[in-house]
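# Topology and contacts: notes
Each chain is listed here by its residues.
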Amino acid sequence: MAVKTLSVDGQLISAREGQTLLEAAREAGISIPTLCHLDGLNAVGACRLCLVEANGRLLPSCLTPVAEEMDVQTQTDRLQRYRKQIVELLFAERNHVCSVCVANGNCELQSLAMRLGVDHLRYEPQEPECEVDLSHERYGLDHNRCVLCTRCVRVCDEIEGAHTWDVAGRGTHCRVITDLHQPWGDASTCTSCGKCVMACPTGALFHRGSSVSENVHDRETLHALILAREEKQWLV
Amino acid sequence: MARLRLATVWLGGCSGCHMSFLDMDEYLIDLAEIAEVVFSPLVDSKQYPEGVDVVLVEGAVCNVEHLEMIRRVRANSRILISFGDCAVTGNVSAIRNVQGGALPVLERAYVELSDPSGGIPSPSDIVPKLLDRVLPVHAVVKVDTFLPGCPPSGPMIRTALEKVLTGEPIDLMEHHLSFGGYGRPKGSEHLPASPSSSQSHS
Ligand code: SF4
Ligand code: SF4
Ligand code: SF4
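Fair warning: this is a prediction, and the values are worked out from it, not measured in the lab.

### Structural notes on the overall build of chain A
- Of the regular secondary structure elements, chain A holds six helices and 10 strands.
- A globule of 236 residues ought to have a C-alpha radius of gyration of about 18 Å, and chain A, at 19 Å, matches this closely.
- Projecting the C-alpha coordinates of chain A onto the three principal axes gives extents of approximately 55 × 45 × 30 Å.
- When burial is assessed residue by residue, chain A has 55% of its 236 residues classed as buried.
- Counted over contacts in chain A with a minimum sequence separation of 6, partners at least 24 positions apart contribute 61%.
- Element-wise, carbon and sulfur atoms account for 49% of the exposed surface of chain A, whose accessible area totals about 11,000 Å².
- When the 23 basic and 32 acidic side-chain charges of chain A are each reduced to a single mean position, those positions are 2 Å apart.

### Side note on the overall build of chain B
- What chain B contains, in helices and strands, is six helices and seven strands.
- The helix and strand sequence of chain B, counted from the amino end, reads β-α-α-β-β-β-α-β-α-α-β-β-α.
- Out of the 202 residues in chain B, the part that is buried amounts to 49%.
- The contacts in chain B between residues at least 6 apart in sequence include a share of 77% that link residues at least 24 apart.
- Surface accessibility of chain B: about 9,900 Å² in total, with carbon and sulfur atoms responsible for 56%.

### Looking at the pairing of strand E4 (residues 57-60) of chain A
Residues and elements named next belong to chain A.
- Pairing of strand E3 (residues 51-54) with E4, which is carried by four bridges, proceeds in the antiparallel orientation. Opposite Ala 54, over in E4, you have Arg 57 as the bridge partner.
- Joining the antiparallel neighbours E3 and E4 is a turn of two residues, in which Asn 55 adopts a positive phi near 50°.

### Section: the confidence of the model for chain B
Residues and elements named next belong to chain B.
- Averaged over chain B, the pLDDT score is 87; the fraction of residues at 70 or greater is 89%.
- Taken together, the stretch residues 185-202 has pLDDT below 50 and engages in 42 contacts with residues farther than four places along the chain or on a different chain.
- ipTM for the predicted complex: 0.91, alongside a pTM of 0.92.

### A short note on the state of the cysteines
- Under the defined criterion, the tally for this structure stands at zero disulfides over all chains.
- With no disulfide of its own, Cys 174 of chain A lies 7.9 Å from the sulfur of Cys 146 of chain A, the closest cysteine sulfur.

### Details of the site of ligand 3
- With respect to spatial proximity, 13 residues lie near ligand 3, and among them Cys 146, Cys 149, Thr 150, Cys 152 and Cys 200 of chain A are the closest.
- Of the residues that constitute the shell around ligand 3, the class distribution is 10 nonpolar, two polar and one charged.

### Some thoughts on the sheet that holds strand E2 (residues 35-39) of chain B
Residue and element names in this part refer to chain B.
- The five strands are arranged E2-E1-E3-E5-E7 in an open sheet whose pairing can be described as parallel. With one partner strand each, in any of the chains shown, E2 and strand E7 (145-147) form the two edges of the open sheet. Going from strand to strand, the sheet's axes swing by 25° on average, the running direction of each strand aside.
- Bridge analysis of strand E5 (residues 77-83) against E7 gives three bridges, and the strand direction is parallel. Each residue of the ladder has a partner; that of Ile 81, found in E7, is Thr 145.
- Contacts from helix H2 (residues 27-34) reach strand E1 (4-10) and E2, with the element oriented near 85° to E2.

### A look at the pairing of E1 of chain B
Residues and elements named next belong to chain B.
- Most of E1 sits out of view: five of its seven residues are buried.
- Where E1 and E2 come together, four bridges link them in parallel fashion. Pairing of Leu 6 across the sheet is with Val 37, part of E2.
- Across five bridges, E1 lies against strand E3 (residues 52-58) in parallel orientation. Among the inter-strand pairings, Trp 10 is bridged to a residue of E3, identified as Glu 58.

### Quick look at the packing of aromatic side chains
All names here are of chain A.
- Inspection of the entire model under this criterion finds four aromatic pairs over all chains.
- An aromatic cluster of three or more residues is present, and its members are Tyr 139, Trp 165 and Trp 184.
- Geometry around Tyr 82 places Arg 81 over its ring, the cationic atom sitting 5.8 Å from the centre.

### Things to note about the site of ligand 1
- Taken together, the neighbourhood of ligand 1 is formed by Phe 91, His 96, Val 97, Cys 98, Cys 101, Ala 103, Asn 104, Cys 107, Leu 109, Arg 145, Thr 202 and Gly 203 of chain A.
- Of the residues in the shell around ligand 1, the class split is seven nonpolar, four polar and one charged.

### So, the environment of Asn 63 of chain B
Residues and elements named next belong to chain B.
- For Asn 63, the location among the structural elements is in strand E4 (residues 61-63).
- For the pair Asn 63 and Val 127, spaced 64 residues apart in sequence, the C-alpha to C-alpha distance is 9.4 Å.
- Excluding residues that lie within four positions of it along the chain, Asn 63 makes contacts with Pro 128, Lys 129, Leu 130 and Leu 131.
- There is a polar contact of 3.0 Å between the side chain of Asn 63 and the backbone nitrogen of Glu 65.

### Some details on the sheet that holds strand E7 (residues 139-142) of chain A
Residue and element names in this part refer to chain A.
- Taken in spatial order, the three strands of this open sheet run E6-E7-E10, and their pairing is antiparallel. Edge strands, defined here as strands with exactly one partner in the open sheet, are strand E6 (132-133) and strand E10 (205-207).
- Here three bridges tie E7 to E10, and the two strands are oriented antiparallel to one another. Pairing of Tyr 139 across the sheet is with His 207, part of E10.

Criteria and cut-off values
- Residues numbered from 1 in each chain as written.
- Chains lettered and ligands numbered in written order.
- Predicted model: local features only at pLDDT ≥ 70, side-chain atom pairs only at ≥ 80, totals over all residues.
- Heavy atoms only, no water.
- Helix = DSSP H or I, 4+ residues; strand = E, 2+ residues; numbered from the N terminus.
- Rg over C-alpha atoms; globule rule 2.2 N^0.38 Å.
- Buried < 20%, exposed > 50% of the residue type's maximum accessible area, 1.4 Å probe, protein only.
- Contact = heavy atoms within 4.5 Å.
- Areas by Shrake-Rupley, 256 points an atom, 1.4 Å probe, with all protein chains shown as cover.
- Lys, Arg positive; Asp, Glu negative; His and termini not counted.
- Charge placed at Lys NZ, Arg CZ, Asp CG, Glu CD.
- Pairing = 2+ DSSP bridges.
- pLDDT = per-residue confidence, 0-100.
- Disulfide = S-S within 2.5 Å.
- Near = heavy atom within 4 Å.
- Nonpolar A, V, L, I, M, F, W, Y, C, P; charged D, E, K, R; others polar.
- Axes fitted to C-alpha atoms, helices over the stretch in contact; angles between N-to-C directions.
- Phe/Tyr/Trp six-rings, centres within 6.5 Å; stacked < 30°, edge-to-face > 60°.
- Lys NZ or Arg CZ within 6 Å of the ring centre and 35° of its normal.
- Polar contact = N/O pair within 3.5 Å; in protein donor to acceptor, adjacent residues only side chain to side chain.

Structure follows, in structure tokens:
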């Protein structure tokens, strides 16, 4: 397998051909923030939080393959500024009330805000009217908290193979939907496996009955399932 | 050195941030040595005074009285700290904003959901008129420092005050500020500190 040598934040690293910048950087111990990315799912580059400067150009590191002699910067002021803006815009786009959210303390959006130094929003909250779907007997969907990362869409399609989720509508009307926009409880493709709930980074998908701060996304189980599928490694 | 003139203000919040202020425990005694509380729901003064050095503002701007108050507070205070999530983001106080205005909110509360259905109270000088939208403090006046948290923890408030008292710049992100949580969210210990200072207001 061909090896590529490149520089990340001034550090020379070698990576395997076909690896993405994100993978190579993480292997080298360099952390790049992400939100829509989840190990084991196809990358889509939806959130743009993993932008890096490669040879001076802004590129999403989750979708950019490594190349010989690439010069990559992951922490410039410009990148930090954009990342902070992205998180603030995500907060402003829907209705996030952390103090009464099922995901409070277990939320990737919230952790990112902390990590990036977001202590208030410079943008006016859009305050859209969003629905909550409680038709499924085990899980719930709260559009107020959805960041449209499409992790649920991908995990259900790529790992569970059910393809219950899709995305409908444009712009501010964009919503994740189940089956052909049926209530989740009526979606005949759903196997009730719960993988979408495990994958969701926020409080948008949750276990019914969990109260403030109680919804833990069981990422370890999900990763074990993905590993089992990809590498035929079964944890017993 | 003259004692610092400290104030705390309670707008549209649940008073939890003020309870957290009391949670500074024995530091309150030290604080009393260096600062005089010139206005607060915890002391008996009626009019927000002039020449306040530091003010902690709890709660969002929800009605005309809050609006008038926050303008007076800004005009008479040197350092204004947005104190807790309601002040910083609107938080629970702002949930009503999706209803789209004061009248639909009042109708929902007093007509649709009340049993038996009542009448909407007429605007009077006893109950201040609701604003159509609940606003975070920085949407109305300039804020110098943000202290998110629901509520911010006692130690966090203490850290903020200690920095103000010594005239140091406050970069509170290094203290794991976060929305919602009391102090820091679970599992956040491994996150690196913020890359840049977060104070600038724009
Ligand atoms: S989803 Fe996350 S950021 Fe949004 S309200 Fe819940 S805890 Fe806060
Ligand atoms: S529970 Fe499983 S099958 Fe149902 S929508 Fe979620 S991932 Fe898909
Ligand atoms: S429901 Fe959750 S996983 Fe699905 S798009 Fe929204 S935030 Fe992402």
